[in-house]
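# Structural characterization, general
Listed here are the chains, written in short residue letters.
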Amino acid sequence: MPKHLLSSALLLSLLLLAPHADAGRAPHARQPARSPAGVPAPEDVLGFRPGDDRKLASWAQTVEYFRRLDAASPRVRFEELGKTTLGAPFVLATVSAPENLARLEEFRAIQRQLADPRTLGRAPDRRAEALIRRGRSVVLITCGVHSTEVGSYLSGMLIAHRLASSDEPEVREILRNTIVLIVPSLNPDGVDIVKRWYDRTLGTPFEGTNPPELYHHYVGHDDNRDWYAFTQVETRLTVDKVHNAWRPQIVHDIHQQGAYGSRLFLPPYMKPVEPNVPRQLVEGYTELGRFMADNLLKAGFKGITWDSTYDAWTPARAYSHYHGGVRILSETASVNLATPITVRPEQLRGGEGYDSRKVSPNHPVVWPGGEWRLRDITNHMTSAAFELLKHASQNREAWLRRFYSVGKEAVRPRRPGELQGFRMPMSEKAAALCGILRRGGVESSIVARPSRPVDFGGEPLDLYVPLAQPYGAFAKALLERQNYPDLFDAAGRPIPPYDVTAHTLPLLMGVEAEPVYRPLRSRVINTSCGGGMAVLAPRSTSPGERASRQGTRVGLYKSHVPSMDEGWTRWVFEQNKLTYKSLQDDELRAGNLRAKYDSILIPDQSPRSILEGYRKGSMPEELTGGLGKEGVKALREFVEQGGTLVTLNAASNFAIEQFGLPVRDVTAGLRRTEFYCPGSILRTYLDTAHPVAAGMPRESVAWVEDSPVFEVKSDPLALPRVKVIARYPDSGTPLLSGWLLGEGRLRGKAALVEVGLGEGRVYLFGFRPQYRAQSLATYPLLFNAVTAARD
């Protein structure tokens, strides 16, 4: 850790802490010096200072503020990168010293060469050192990906204002040595979704509740799980025009967490770390995170933790870890959107790897509880951000040298016997996978393989992805199978991953990926490929189009309690051109569904949430109640009259319970020590004679995450009406990638079942066949089930 005299946070604490401050409150963040003439403060545009109680800015106000900064300060360049899902401007602010802004293309070229040492010719180390001396550390600050975490996008304006206006020596040093890229919100549509709801409920009993809709139009919270599949337009804009354009050494991703744990999380992350994350980056985020935490603790901030709760396993949240940069996640305790709360000491609770009520090595100073406001959140966020920027500035050459060392290791020739790359028979799905890798900067080629013909455009071809390239680790993480470690706490209970445990795209997409351990000797046909994730068969009629042409009338259940799986299903349907209508509680309860629909799909959602929705008094009356008994009765009548009901994952238990179907979930009530599958890819076998599995290979996969496992009850009257379409293997392990405990409980059990009811049928999926728009291998099961009513 570099030597320093007195941290800015400590100086801030000494100068600005009010003598009467509550012991439970956070220290004040440094207030910027008076703005130079013409450089507006946020309050000059918004009419309030970001962090004020019960005040949120609209996206238009936020954009206008950055436009005003750009016009007033020679340190700021502001640009629109494109449009969001709902058509709002998606924007970027670049902040640095004016002399640096005049040389941006030069610095971008330096980043590009250091990332790929193959471009440096002979004596690459010597040339790299010359570039390092000239270069600047590049820091990307991303705000507001989760729109209910409102302190993040508000803090982005405060950070930008101080950088744009302050004459403090510390700020001037940051501007000289770094290029700061600020994305004011990764989800601009959500800024307005949350603000509209908050303003509507302000002063009512529902003030501070979350909006009754996904705060990203399609994927809600999962917009921060899209950093390798690149399905959403906001992800693509950020990757294409920020990450890949600049290759930042540091990405500071500003978030909020629950209200009753630590006040602030900073790296290092808890175990496990995904094995393809370079050791230099693990060392980098550990050094930087501890520097930030140490200085904030010295300044009087309490309740800071590290090495807890958040892991570094999945690339779904950490694009930079596979592209030469550290991801510094910060998570600050929340309030009720912008409404203050009071936290009693007894309300504080433990978290994974620490207890917010107790001192421990990774939680050295306990926050005692008390009042907690939006201003506390912005103080934590801005103070942490400037500690990060200070480290990036003072250690400019060290960060660039670390960045170069990652690239140097990535491109080195592989040794004999080492994994050289992966090859895949070329197909439409392989082309889609190649398109994903290409967006992530991965190089690939199309090669001849006469010994194993695959019909793609009339010539037997393979896709080959070498690992000796700048972003080979990204490719390897996505192409190989994951072996998640067995991690248990002191009581022998499995420690849950922060997200999921598998991300093997070939398995999810139905592509065979073969590891290659010898240098490639095949003839190279082409060095590019096409495709993308949007549709199952880009060059043919999509299954959704076929369903719509058949005239299938599809209703997609949309609860007032937002479901990310519902949003993902909408996205998949629309990308595959399947016509559907959203179906909400009031229409369902009204009945007469068979007159309007042939198929109704209920996405993954808990049975209680489907049945009861929001409880009375927790939300406005018109949003409460769920389907209720009337909705259940109407759904049953729909099926009995010849309709098709399709239920996904947890929603299948709703159908089993409410309709009394002769199927049971064998995992119901089991403890995690008995059965646990937290987001893994499992092997299944299909009955390909069944119309739902028609045309598919016998061996398939299932994305299993908090999923039911079916056993057909021994009911002689019901058995003829029950058909098992997909089942788990009778022997061996079904685990293909990820983590599975209690695999014996799956053996021979069903993963997809058809149950006849009256003149109709119910399809019970014990998995998510459209998982995060990645599981192209099981899309046909979904579309065939939905269209079965017209067969």
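To start, this report covers the structure provided alongside it. (Residues numbered from 1 in each chain as written. Predicted model: local features only at pLDDT ≥ 70, side-chain atom pairs only at ≥ 80, totals over all residues. Heavy atoms only, no water.)

## Points about the overall build of the chain
A count of helical and extended segments in the chain gives 23 helices and 32 strands. Its C-alpha atoms give the chain a radius of gyration of 27 Å, near enough to 28 Å, the size a compact globule of 791 residues would have. Taking the principal axes of its C-alpha atoms as reference, the chain extends roughly 80 × 70 × 50 Å. Per-residue burial over the chain gives 63% buried out of 791 residues. In the chain, the share of contacts with a sequence separation of at least 24, taken over all contacts with a separation of at least 6, comes to 79%. When the 99 basic and 87 acidic side-chain charges of the chain are each reduced to a single mean position, those positions are 4 Å apart. (Helix = DSSP H or I, 4+ residues; strand = E, 2+ residues; numbered from the N terminus. Rg over C-alpha atoms; globule rule 2.2 N^0.38 Å. Buried < 20%, exposed > 50% of the residue type's maximum accessible area, 1.4 Å probe, protein only. Contact = heavy atoms within 4.5 Å. Lys, Arg positive; Asp, Glu negative; His and termini not counted. Charge placed at Lys NZ, Arg CZ, Asp CG, Glu CD.)

## Looking at the packing of aromatic side chains
The final tally for this structure, using the stated rule, is 20 aromatic pairs. An angle of 70° between the planes, with centres 5.9 Å apart, marks the rings of Y65 and F66 as edge-to-face. Pair check on accessibility: Y65 and F66 agree, each one buried. Taking 4.8 Å as the distance between ring centres and 75° as the angle between the ring planes, the aromatic pair formed by Y269 and Y285 counts as edge-to-face. Of this pair, Y269 sits in the loop between strand 6 (264–265) and strand 7 (270–273) while Y285 is found in helix 11 (residues 279–298), placing the two residues 16 residues apart along the sequence. An aromatic cluster of at least three residues, connected via ring pairs, comprises F265, Y269, Y285, Y310 and Y498. When the ring centre of F386 is taken as origin, the NZ or CZ atom of R162, which lies over that ring, is 4.1 Å away. (Phe/Tyr/Trp six-rings, centres within 6.5 Å; stacked < 30°, edge-to-face > 60°. Lys NZ or Arg CZ within 6 Å of the ring centre and 35° of its normal.)

## Some thoughts on the sheet that holds strand 10 (residues 326–333)
The strands making up a sheet are joined through hydrogen bonds of the backbone, oriented either antiparallel or parallel. If you trace the 8 strands from one edge of the open sheet to the other, you get 1-2-4-3-5-10-6-8, paired in mixed fashion. Each having just a single partner strand, strand 1 (76–83) and strand 8 (304–305) make up the two edges of the open sheet. Note that strand 3 (residues 137–143) and strand 5 (residues 250–257) share 5 bridges and pair parallel. When the bridges of strand 5 are listed, L140 appears paired with V251. (Pairing = 2+ DSSP bridges.)

## Regarding the nonpolar core
L163 and I182 are the most contacted members of the largest nonpolar core, which totals 199 residues. Residues within four places of L163 in sequence aside, it is in contact with R75, V95, V171, I174, L175, V180, I182, F386 and L389. Among the nonpolar cores identified, the runner-up in size contains 30 residues, and L583, L593, A655 and F710 belong to it. (Core = buried A, V, L, I, M, F, W, Y, C linked by side-chain atoms within 4.5 Å.)

## Some details on helix 10 (residues 233–246)
Its 14 residues give helix 10 an end-to-end C-alpha distance of 19 Å, which sits within 8% of 20 Å, the value for a rise of 1.5 Å per residue. Along helix 10, the helix axis deviates most sharply at V239, where the bend reaches about 35°. With its phi angle positive at about 50°, R247 sits one or two positions after the end of helix 10. (Expected span 1.5 Å × (residues − 1). Bend = angle between axes of the 7 residues up to and from the residue.)

## With respect to helix 11
In a regular helix each residue adds 1.5 Å, so 20 residues correspond to 28 Å; helix 11 covers 29 Å between its end C-alpha atoms and thus fits that length. Positive backbone phi, at 105°, marks G300, one or two positions downstream of helix 11.

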